[in-house]
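Secondary and tertiary structure notes
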Amino acid sequence: MHHPRPRLIALALAAGGLLAVSAQANESAVDTNPEARFLSNVRQLTFEGTRGGEGYFSRDGTKLVFQSEREKDNPFYQIYLMDLETGDTHRVSPGHGKTTCAWIHPDGKRVMFASTHDDKDARKKQKDELDFRASGKQRRYSWDFDANYDIYETTTAGGTYKNLTGVKGYDAEGSYSPDGKLIAFASNRHAYAAKLSDREKELLEKDPSYFMEIYVMNADGTGVKRLTSHNGYDGGPFFSPDGKRLVWRRFSEDGATAEVHTMNLDGTDVRQVTRLGAMSWAPYFHPSGEYIIFGTNLQGFANFELYMVDAQGKGDPVRVTHTDGFDSLPVFSPDGKRLSWTSSRTADKKAQIFIADWNHTAAREALTARTAEAAPVTSTTKTPGTSADVRAADLMQHIRALSSDEMDGRLTGTPGEQRATQYVADVFQSLGLQPVGDNGTFFQSFPFTAGLNPGPGNKLVVTGRDGKARELAMHKDWRPLAFSVTGNIPVSDVVFAGYGISAPAAEGMEEYDSYVHLDVKDKWVVVLRYMPESLTPEQRLHVGRYAPLRHKAMLARDKGARGIIVVSGPNAKVKEQLVPLAFDAAMAGSSIAAISITDEVANTLLAGTGKSLKQWQDELDVGNPVAGVVLSGVKVGAQVDLQQEKRTGRNVLARLNAGATPGKNVLIIGAHVDHLGRGIGNNSLAREDEKGGIHRGADDNASGVAGLLEIAEWLTRLKAEGKLTLKRDVLFAAWSGEELGLLGSSHFTKTFNGAQREPETLRPDVYAYLNMDMIGRLDKALVLQGVGSSSVWPKEIEQRNIPVGLSITTQNDSYLPTDATSFYLKGVPILAAFTGAHSEYHTPRDTHDRINADGAEKVVKLMGLIARSLATREGEIDYVRMEKPASMNRRGGLRVYLGTIPDYAQGDIKGVKISGVAKGGPAEKAGLQGGDVIVELAGKKIENVYDYTYALEALKVGQPVEIVVTRSGQRVPLTVTPGTRE
């Protein structure tokens, strides 16, 4: 009756198992098995079928009703009744459809269960599932919240079935009250009857368990009442022995944890009786009413054990079972002398029902003393809910939490980032690490400019040749640029300077100057947004260096202009004519007014020249400079009011000291915790239908932070066990502000050890820096970057990968678009782990279900072993200074867009291998495929990603060019038409 959310607890019940189950030959051996304190005569009760579980006693204790997969023509659970005195067992459910959650009425004559047998597609679903299994394919076990589930009543013989619910939705998890007059059950029926928002509809489709609530009704199905109203899964209700209260488990909204609760039958007096921060579920009262037994994964994500807790929640829970694997769904016999539960401690490691004698006296003594033999492990050795070893399931627990909707995309300076950083700090604290943030906390705060907001004082007035002044509409006709000076700009004359570019002559290139013989002093200068559209690729590469808007504004300012007016022009084929008022990381003003206007407004300004904007642009786009003109009779005055939005982000910093006090030399391991929030700004790659959605960032970079936490836990445990002799301290850092320009890590390096002035180097205080950014999508090979920063890395990688066995691609480049660069620039050797880009990068589709958990486990184990080696290594390691790649010195970003996704694990292949293409992008339309290697673009030979970036800069939006790829050893020429990012 306590079915889990999909892919969470259900993983532990998977056929074949994800679990390593310990073999315990004698469950009752007092000397070797701590379970013997409470359990004796442990034996397996059910054997037949693929799996079985959820057994519940009749009121007199002579029968057990349970579910099992044992019908040849039905791969789903059916309900069976077992006579515990004779062993006779028979099916009471129809035999087709899916069934679950059975209960014997106190009168001993009726059985209740949930079933989908009335679903018209029930038999087809059976066949489809059988065909799927016969194909040899496998999928992870997860519970199906089929909306066709209803609660039925039948006799103990079965054969006739009365539907007690009969409404759309998942109705199940029912139990009778002790007097048999009421049924408590769980349902998401309200979600199917209510009017849902678009987000709720999507959520219902993806996770119907989110809408589960607790209900009660009369035993005949009448008088239905809803008791809970909570975002997240409430389910598995059972009555207390006196019938006055219900016990159930409530999941957190993100499904990462669950706790045991009790309440009155009318929904009042809700009490939380566990606070373990783990997956605690399947609670059941002992007949005495004194305590509650339940299952929890406190010992590790996929290792569920039985615990018990005082019914009032007093004192710490007491551990009952000690067998690796799945132990949950416990139920006491009516006399309280036996315990039945579902366990994977079987020979084939598949779940079946076990039964044992229960020691009530020992249980009372343990709870009274509040000294459980294996109570929650001390914070110096493990994190609640995870194993001290690096495990895929534990990584996923962290990733799910950090990428949940509750974190709202973790944008720096927002409540979502604060919740995420608090999560990390809580883990660090549970490990017993030392806080090294501000004022003795784990947090290091840093102020930053989050963006710009237009104030109420913005105003633009244009006076035409007719002498009439018109005030233009903000955001409709015009908009200030992010780097504009603020304040009043006097009414001034206006000139048109074409593309506003001055590019000096170069080898093979003539000078290009938009300002020849044009006096712009104290005037507004109208310029086109980009550069001439019909330039040759060679000209585009040359002129493009001088085309960014900031450069144009600087040039106009230096020539004495009062302001610059930017217009896109019809030939630019932009998505939006007005330049977005987006956050500019530089944020420095240009001491010149800068605004953007629409093409329509520009045409009114140019009306007196005898040419339209289109005619001017056509003439300019040929590539020859065209003399600028004074716009006679036209004047412009403006008031620019831009208000910087100041926010505070925070890093999370914790230290594992080698000695009793902090040392002078430290190894730093880091990962950025922030992401894009709801995609506000230029970094989002969301499709139009995804804009404004939560960018969950499961891979980028919940995966890296999860790895950071697991390494912290592992090293802390090793040190606590005396297995780690540190030569230096280890500092664990979850950076924020990475997506905004490495803000958090840069702040740390600039203020390291309380420095009042920014240090030029962090050596020798910082030994080395290890980074994990996007490690959750391992495919063919792990990419280790920054290998050129020190000569020690090749040997370290080779030695530490021996026990892990990863396929690895190394890259020497040490100037990386991640936090490692903040340290490399300060003289610190760096090594960064990365599993590659993908089509979900920076979109709402970067979700936890796409993570390769087993691959991430291997990556984290490798980085953990390297960290251990560095932390125990004698002597310093060298730092190798490298030249910054020329392409990193280019000004501005790429305007053109092809939609190719580089395969960063390509190794020494000549060209640029792609792992995929963006859906609907130019590359997909051109016929490019994952695995292609780009060797030529627009006549340019492509040998590496820098060649590719350089060639992209020379392309024109909308102008088809040839792209040549190698595919299966053959050169394949294709034609691609570049799109635009803006």
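Residues numbered from 1 in each chain as written. Predicted model: local features only at pLDDT ≥ 70, side-chain atom pairs only at ≥ 80, totals over all residues. Heavy atoms only, no water.

So, about the packing of helix 6 (residues 415-430) against helix 11 (residues 698-720). In contact at an axis separation of 10 Å, helix 6 and helix 11 are set at 10° when each is read in the N-to-C sense. One way to sum up the angle between helix 6 and helix 11 is to call them roughly parallel. From helix 6, Tyr-423, Val-424, Val-427 and Phe-428 reach across to helix 11, where they touch Val-705, Leu-708, Leu-709 and Ala-712. Class assignment for the residues of the contact of helix 6 with helix 11 results in 8 nonpolar, no polar and no charged. (Axes fitted to C-alpha atoms, helices over the stretch in contact; angles between N-to-C directions. Helix = DSSP H or I, 4+ residues; strand = E, 2+ residues; numbered from the N terminus. Parallel < 35°, antiparallel > 145°, perpendicular 65-115°, else oblique. Contact = heavy atoms within 4.5 Å. Nonpolar A, V, L, I, M, F, W, Y, C, P; charged D, E, K, R; others polar.)

With that out of the way, let us pick up the environment of Leu-472. Positionally, Leu-472 belongs in the loop between strand 28 (469-471) and strand 29 (478-480). Along the chain, Leu-472 and Lys-459 lie 13 residues apart, while their C-alpha atoms are 7.5 Å from each other. Here Leu-472 is in contact with Leu-460, Val-462, Asp-477, Trp-478 and Val-601, once residues within four sequence places are set aside.

Hydrogen bonding along the main chain pairs the strands of a sheet, whether they run parallel or antiparallel. Taken together, the 4 strands give an open sheet; going across it, the order is 10-11-12-13, and neighbouring strands pair in antiparallel fashion. If you trace the sheet from one side to the other, it starts and ends with strand 10 (171-176) and strand 13 (225-226), each paired once. With 2 bridges connecting them, strand 12 (residues 213-218) and strand 13 associate as antiparallel partners. Of the residues in strand 13, the one forming a bridge with Tyr-215 is Arg-226. (Pairing = 2+ DSSP bridges.)

Moving on to the confidence of the model for the protein. For the protein, the mean per-residue pLDDT works out to 87, and 90% of the residues sit at or above 70. Residue range residues 370-384 is modelled with pLDDT below 50. Its contacts to residues more than four positions away, or to other chains, number 48 contacts. This stretch, residues 886-893, has a pLDDT under 50; its non-local contacts, to residues over four places away or in other chains, come to 11 contacts. (pLDDT = per-residue confidence, 0-100.)

The residue Ser-745 is located in helix 12 (residues 743-750) in this model. Separated by 2.6 Å, the side chains of Ser-745 and Asp-819 make a polar contact. In this structure, Ser-745 is in contact with Asn-651, Trp-735, Ser-736, Asp-819, Ser-822 and Phe-823, ignoring residues within four places of it in sequence. (Polar contact = N/O pair within 3.5 Å; in protein donor to acceptor, adjacent residues only side chain to side chain.)

Let us look at helix 5 (residues 392-402). Of all 11 residues in helix 5, 10 are buried, a share of seventy percent or more. Within the span of helix 5, buried status applies to Ala-392, Asp-394, Leu-395, Met-396, Gln-397, His-398, Ile-399, Arg-400, Ala-401 and Leu-402. Tucked into the core, helix 5 has its buried residues touching helix 6, helix 11 and helix 15 (853-872). (Buried < 20%, exposed > 50% of the residue type's maximum accessible area, 1.4 Å probe, protein only.)

Before going further, it helps to examine the packing of aromatic side chains. On inspection of all chains with the given rule, the structure shows 33 aromatic pairs. For the ring pair Phe-496 and Trp-616, a centre distance of 5.2 Å and an interplane angle of 65° mean the geometry is edge-to-face. Here Phe-496 is found in strand 30 (residues 487-496), whereas its partner Trp-616 is found in helix 10 (residues 613-621), with 120 residues between them in sequence. Judged on exposure class, the residue Phe-496 and its partner Trp-616 are both buried. Aromatic rings pair up to connect Phe-145, Tyr-149, Tyr-170, Tyr-233 and Phe-251 into one cluster. Over the ring of Phe-354 we find Arg-345; its NZ or CZ atom is 6.0 Å from the centre of that ring. (Phe/Tyr/Trp six-rings, centres within 6.5 Å; stacked < 30°, edge-to-face > 60°. Lys NZ or Arg CZ within 6 Å of the ring centre and 35° of its normal.)

What follows deals with the pairing of strand 36 (residues 629-640). Two faces belong to every sheet, and in a regular strand the side chains alternate between them. As judged from the 5 bridges shared by strand 27 (residues 459-463) and strand 36, these two strands associate in the antiparallel manner. Across the sheet, Val-461 pairs through a bridge with Gly-637, a residue of strand 36. Sheet topology note: the strand 30/strand 36 ladder contains 7 bridges and is antiparallel. Bridge pairing in strand 36 links Phe-496 to Val-629.

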